[in-house]
Amino acid sequence: MTEPLENSIHAGHDLLVVLDFGSQYAHLIVRRLRDIGFYSELHPYDVGPERLMELKPKGLILSGGPASVYESDSPHLDARIFSLGIPILGICYGMQEIAYQLGGKVECGDKREYGHATLQVVEDPADGGALFHGLKTSCSVWMSHGDRVISLPEGFYPIARTENCNYAAVYGQPNAHASVLAPIYGLQFHPEVSHSEHGTEVLANFCRAVCGCRGDWYMEAFLEEAIRTIREQTGEHALVVGALSGGVDSTVAALLVSRAIGDRFRGIFVDNGLLRKNEATDVMAMLRDQMHVQVDCINASTHFLDALAGVTDPEEKRKTIGNQFIKVFEEQARKISADFLLQGTLYPDVIESISHKGPSATIKTHHNVGGLPQRMRLKLIEPLRYLFKDEVRKLGLVLGLPAEVVYRHPFPGPGLAIRVLGEITSERLNKLREADAIFLHELRRAGLYEQIGQAFAVLLSSKAVGVMGDFRTYEEVIALRAVATSDYMTADWYPLPFEVLRRISLRIVNEVSGVNRIVYDVTSKPPGTIEWE
Ligand SMILES: Nc1ncnc2c1ncn2[C@@H]1O[C@H](COP(=O)(O)OP(=O)(O)OP(=O)(O)O)[C@@H](O)[C@H]1O
Ligand SMILES: O=c1[nH]c(=O)c2[nH+]cn([C@@H]3O[C@H](COP(=O)(O)O)[C@@H](O)[C@H]3O)c2[nH]1
Ligand SMILES: NC(=O)CC[C@H](N)C(=O)O
Ligand SMILES: [Mg+2]
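Residues numbered from 1 in each chain as written. Chains lettered and ligands numbered in written order. Predicted model: local features only at pLDDT ≥ 70, side-chain atom pairs only at ≥ 80, totals over all residues.

Peer 1: Can you walk me through the overall build of the chain in this structure?
Peer 2: Looking only at helices and strands, one finds 15 helices and 18 strands in the chain. Projected onto its principal axes, the C-alpha positions of the chain cover 85 × 60 × 40 Å. Every one of the 533 residues in the chain was classed for burial, and the buried ones make up 41%. For the chain, contacts bridging at least 24 residues in sequence account for 75% of all contacts bridging at least 6. (Helix = DSSP H or I, 4+ residues; strand = E, 2+ residues; numbered from the N terminus. Buried ≥ 20, exposed ≤ 12 C-beta atoms within 10 Å, placed from the backbone. Contact = placed C-beta atoms within 7 Å.)

Peer 1: It is not clear to me how helix α6 (residues 248-261) should be interpreted in this structure. Could you clarify?
Peer 2: Since there are 3.6 residues in each turn of an α-helix, residues three or four apart along the chain are aligned in direction. With 14 residues, α6 extends 20 Å between its outermost C-alpha atoms, agreeing within 8% with the 20 Å of an ideal straight helix rising 1.5 Å per residue. Counting buried positions over the 14 residues of α6 gives 13, a clear majority of the element. Note on α6: the residue one or two positions beyond its end, Gly 262, has a positive phi of about 55°. (Expected span 1.5 Å × (residues − 1).)

Peer 1: Is there a simple way to explain the pairing of strand β4 (residues 88-91) in this structure?
Peer 2: Successive side chains on a regular strand alternate, one facing one side of the sheet and the next facing the other. Residues Ile 88 and Gly 90 point to one face of β4 and Leu 89 and Ile 91 to the other, with burial holding for every one of them. Here strand β3 (residues 59-62) runs beside β4; their pairing, made up of three bridges, is parallel. What sits directly across from Leu 62, in β4, is Gly 90. In terms of strand pairing, β4 meets strand β9 (residues 184-187) through four bridges, oriented parallel. Its bridge partner being in β9, Ile 91 is matched across the sheet by Leu 187. (Pairing = 2+ DSSP bridges.)

Peer 1: How do you make sense of the site of ligand 1 when you look at a structure like this?
Peer 2: In the vicinity of ligand 1 lie 18 residues, with Ala 243, Ser 245, Gly 247, Asp 249 and Ser 250 positioned nearest. Mapped by element, the contributors of at least two residues to the shell around ligand 1 are α6 and β11 (265-271). (Near = placed C-beta within 6 Å.)

Peer 1: Even after reading the chapter, I still don't get the sheet that holds strand β14 (residues 379-381), so can you show me in this structure?
Peer 2: Picture the strands of a sheet paired through backbone hydrogen bonds; they go either parallel or antiparallel. Taken in spatial order, the five strands make up an open sheet running β12-β11-β10-β13-β14, and their pairing is parallel. The open sheet has two edge strands with one neighbour each: β12 (295-299) and β14. Here the strands of the sheet are splayed against their neighbours by 30° on average, with no regard to which way each runs. Here three bridges tie strand β13 (residues 340-342) to β14, and the two strands are oriented parallel to one another. Residue pairing across strands places Leu 342 opposite Ile 381, the latter belonging to β14. (Axes fitted to C-alpha atoms, helices over the stretch in contact; angles between N-to-C directions.)

Peer 1: Honestly, the nonpolar core in this entry has me stumped. Any pointers?
Peer 2: Grouped burial of nonpolar side chains is what soluble globular proteins tend to show. Grouped together as the largest cluster of nonpolar side chains are 75 residues, with contacts concentrated most on Val 240, Val 252, Val 257, Ala 435 and Ile 478. For this core, the element with the highest residue contribution is α6, accounting for nine residues. Shared between two domains, this core holds at least three residues of each, these being domain 2 (219-406) and domain 3 (418-520). Not counting residues up to four positions away in its chain, the partners in contact with Val 257 are Ile 230, Val 240, Gly 242, Phe 265, Leu 342, Ile 381 and Pro 383. Of all hydrophobic cores here, the second largest spans 66 residues; its members include Leu 42, Val 69, Phe 82 and Ala 169. (Core = buried A, V, L, I, M, F, W, Y, C linked by C-beta atoms within 7 Å. Domains from an automatic or database assignment.)

Peer 1: It is not clear to me how the sheet that holds strand β7 (residues 156-162) should be interpreted in this structure. Could you clarify?
Peer 2: Taken together, nine strands build an open sheet; the order of strands is β2-β1-β3-β4-β9-β8-β7-β5-β6 and the sheet is mixed. Of all the strands in the sheet, the pair left with one neighbour each is β2 (40-44) and β6 (138-151). Each strand axis lies, on average, 25° off the axis of its neighbour in the sheet, ignoring direction. Those strands touched by helix α1 (residues 26-35) are β1 (16-20), β2 and β3, and its axis lies near 160° from that of β2. Lying on the sheet, helix α4 (residues 199-210) is in contact with β1, β3, β4 and β9; it crosses β3 at an angle near 155°.

Peer 1: Just checking my understanding: could you explain the pairing of strand β16 (residues 471-484) for this structure?
Peer 2: With 12 bridges connecting them, strand β15 (residues 454-468) and β16 associate as antiparallel partners. Note on β16: the bridge partner recorded for Val 458 is Ala 479. Hairpin connection of β15 to β16: two residues between the antiparallel strands, including Gly 469 at a positive phi of 55°. Of the pairings in the sheet, the one linking β16 to strand β18 (residues 515-520) comprises five bridges and is parallel in character. Note that in β18 the partner of Ala 479 across the bridge is Val 519.

Peer 1: Explanation requested: the domain arrangement of the chain in the structure shown.
Peer 2: Interface size is often expressed as the accessible area that is lost when the parts come together. Taken domain by domain, the chain comprises domain 1 (5-210), domain 2 (219-406) and domain 3 (418-520). Taking only C-alpha atoms into account, the centre of domain 1 sits 38 Å from that of domain 2.

Peer 1: Can you help me understand the packing of α6 against helix α12 (residues 389-398) in this one?
Peer 2: Describing two packed helices takes the angle between their axes plus the distance from one axis to the other. Put simply, α6 and α12 touch, their axes get as near as 10 Å, and they point 45° apart. In terms of their interaxial angle, α6 and α12 are classed as oblique. In this structure, α6 crosses over α12, and the sense of that crossing is left-handed. Here Val 248, Asp 249 and Val 252 of α6 lie close against α12, whose contacting residues are Val 392, Arg 393, Leu 395 and Gly 396. When grouped by side-chain class, the residues that make up the contact of α6 with α12 number four nonpolar, one polar and two charged. (Parallel < 35°, antiparallel > 145°, perpendicular 65-115°, else oblique. Left-handed = near helix turned anticlockwise from the far one by under 90°. Nonpolar A, V, L, I, M, F, W, Y, C, P; charged D, E, K, R; others polar.)

Peer 1: Explain the UniProt feature "binding site: ATP" (unreviewed entry) in the chain here, please?
Peer 2: Within this numbering scheme, the UniProt entry marks Ser 245, Gly 246, Gly 247, Val 248, Asp 249, Ser 250 and Thr 251 as carrying the feature "binding site: ATP" (unreviewed entry). Ser 245 has contacts with Ser 250 and Gly 413, leaving out every residue within four places of it along the chain. By the secondary structure assignment, Ser 250 is in helix α6. Leaving out residues up to four positions away in the same chain, Ser 250 has contacts with Gly 242, Ala 243, Leu 244, Ser 245 and Gly 344. (UniProt positions renumbered as here; feature names shortened; annotations may be inferred.)

Peer 1: Any chance you could explain the packing of helix α5 (residues 219-234) against α6 here in plain terms?
Peer 2: Between α5 and α6, the least distance of the axes is 9 Å, while the angle of their chain directions is 65°. By the angle between their axes, α5 is roughly perpendicular relative to α6. By crossing handedness, the relation of α5 to α6 is classed as right-handed. Contacts between α5 and α6 pair Ala 226, Ile 227, Ile 230, Arg 231 and Thr 234 from the former with Leu 256, Val 257, Arg 259, Ala 260 and Ile 261 from the latter. Taken together, the residues that form the contact of α5 with α6 break down as seven nonpolar, one polar and two charged.

Peer 1: So what exactly am I meant to see when it comes to unusual backbone geometry here?
Peer 2: A cis geometry characterises the amide bond from Lys 525 onward to Pro 526, with omega recorded as -15°. As for its placement among the helices and strands, Pro 526 is situated in the segment after β18. Here the bond from Pro 526 into Pro 527 is cis, since omega is 10°, no more than 30 degrees from zero. One can find Pro 527 in the segment after β18. Here the phi dihedral of Asn 278 falls at roughly 60°; this positive angle occurs in a residue that is not glycine. Mapped onto the secondary structure, Asn 278 falls in the loop between β11 and α7 (279-290). Residue Asn 278 is classed as exposed on the basis of its 11 C-beta neighbours within 10 Å. Despite not being glycine, Ser 337 shows a phi value in the positive range, around 50°. Under the C-beta neighbour-count criterion, Ser 337 is labelled exposed, with 9 such atoms within 10 Å.

Below, the structure is given as structure tokens:
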């Protein structure tokens, strides 16, 4: 993701660069730092000193990683980086890499160490104490390693130990080692995980006391800068078009652009006939009347439903819907001669695309508008490109977005089409809409909506026999799905109270005609996915 600095937000903030050696916690480090007010970005471990000098970070953090430094194909830092005069903090593999490169020794330990350990800060002979300044001298930390440093490079000494690890934290004095021009710290434990007591304070000490960062990352400041950048990017006259779904990402992106350029932003909300009950009206009222965004609702439901007639395969549904969306967007953009396209790309999408871990298997083709730019030759605006979802939510609140929009459950682009299993007809869509509305209403009434990551009803593709008022029925089955999740990558089914389930089940079979049976989905992700198709 090498891109010109003037287009990014490095320029305005003290930057900390985290170099990714493949740890599953690498982006957690970035998130922790941002949470405590220090702007940070993830870059690949082999970014090189030239690019780093352009980025001008005030500090470098080397992440952990699955490899062992002494193996032949393990990832290594360009050694010139040690001489850039930038303070460095190595975490786990990062610390082992520092030792390995500067003349210390790392070997495979006889005991692996996972989980809690008690850290003891040791007597400090010089000035390596900045990292633990103001903290207890004994605290609990979280370890996850098999290798260990057995001798330190010249000019380095230990500043903390645990029972199994003499070098749980180490310090290298500037100039004590030939190629070290700024302070270097190493931690064998993981300060970024919440199980490490004082982990956040250790990171904060590194940023503030060692690197001299001011802690200038907060949403109000970001908002002002983002608005300025969008104005510069779009000039005086250009029009920007953006697809809006009422979901938090596209709504926050649209508010930002509207703030910056007013009615030169034109939002398009597509009623594709696959929306939830009252969704088109509610979303339009929120965007237009409440948030004063210029947005048109395009009713394309006949096109979508016609195209979906007879389609039952989940991937074919997604493709059909994606094509229909593109058609609508192209037509609208042509009509108003827009120059820019707004997209709600988030930082995890960017990280994913630079990951050196290689491509992963396609489970589902998630529809988004990513297919648009090449075909329309519109220039892209992606104001949320450096933000995580929780930062987008914070920004939404700063922009005055009501909490119910900010904390709304996500809703997939293909909508109810992937929740009506099997054939999609208006009649079946309507049954699902009614059942889904009852489910969500009862969750809100029971005060459970906010605790659940996502909840919805699914109309199954098989029918069930039942008895209603002495008559035999043979009707549709509804499955209820509610999951607890923070990132939607993994999820657990939510243990809804029996009384709530009982009320929902009773209401759906009584109020939605053509449905005679309700089941509750008790599958986590993995092995299930959140949606059924
Ligand atoms: N009905 C729609 N009309 C116009 N654009 C849509 C519609 N549904 C989806 N999109 C576009 O597809 C993008 C991807 O949808 P996605 O659901 O991933 O994000 P979101 O709706 O913005 O946020 P959330 O993840 O909270 O639902 C949206 O940001 C929006 O640009
Ligand atoms: O915009 C989208 N287009 C899609 O095709 C799509 N499929 C799933 N989802 C949403 O992604 C999250 C994870 O869903 P899965 O566990 O089903 O993959 C959940 O939040 C799902 O609702 C989609 N969103
Ligand atoms: N978590 C890590 O960074 C592990 C580093 C190295 N692979 C070890 O086992 O010690
Ligand atoms: Mg959505």
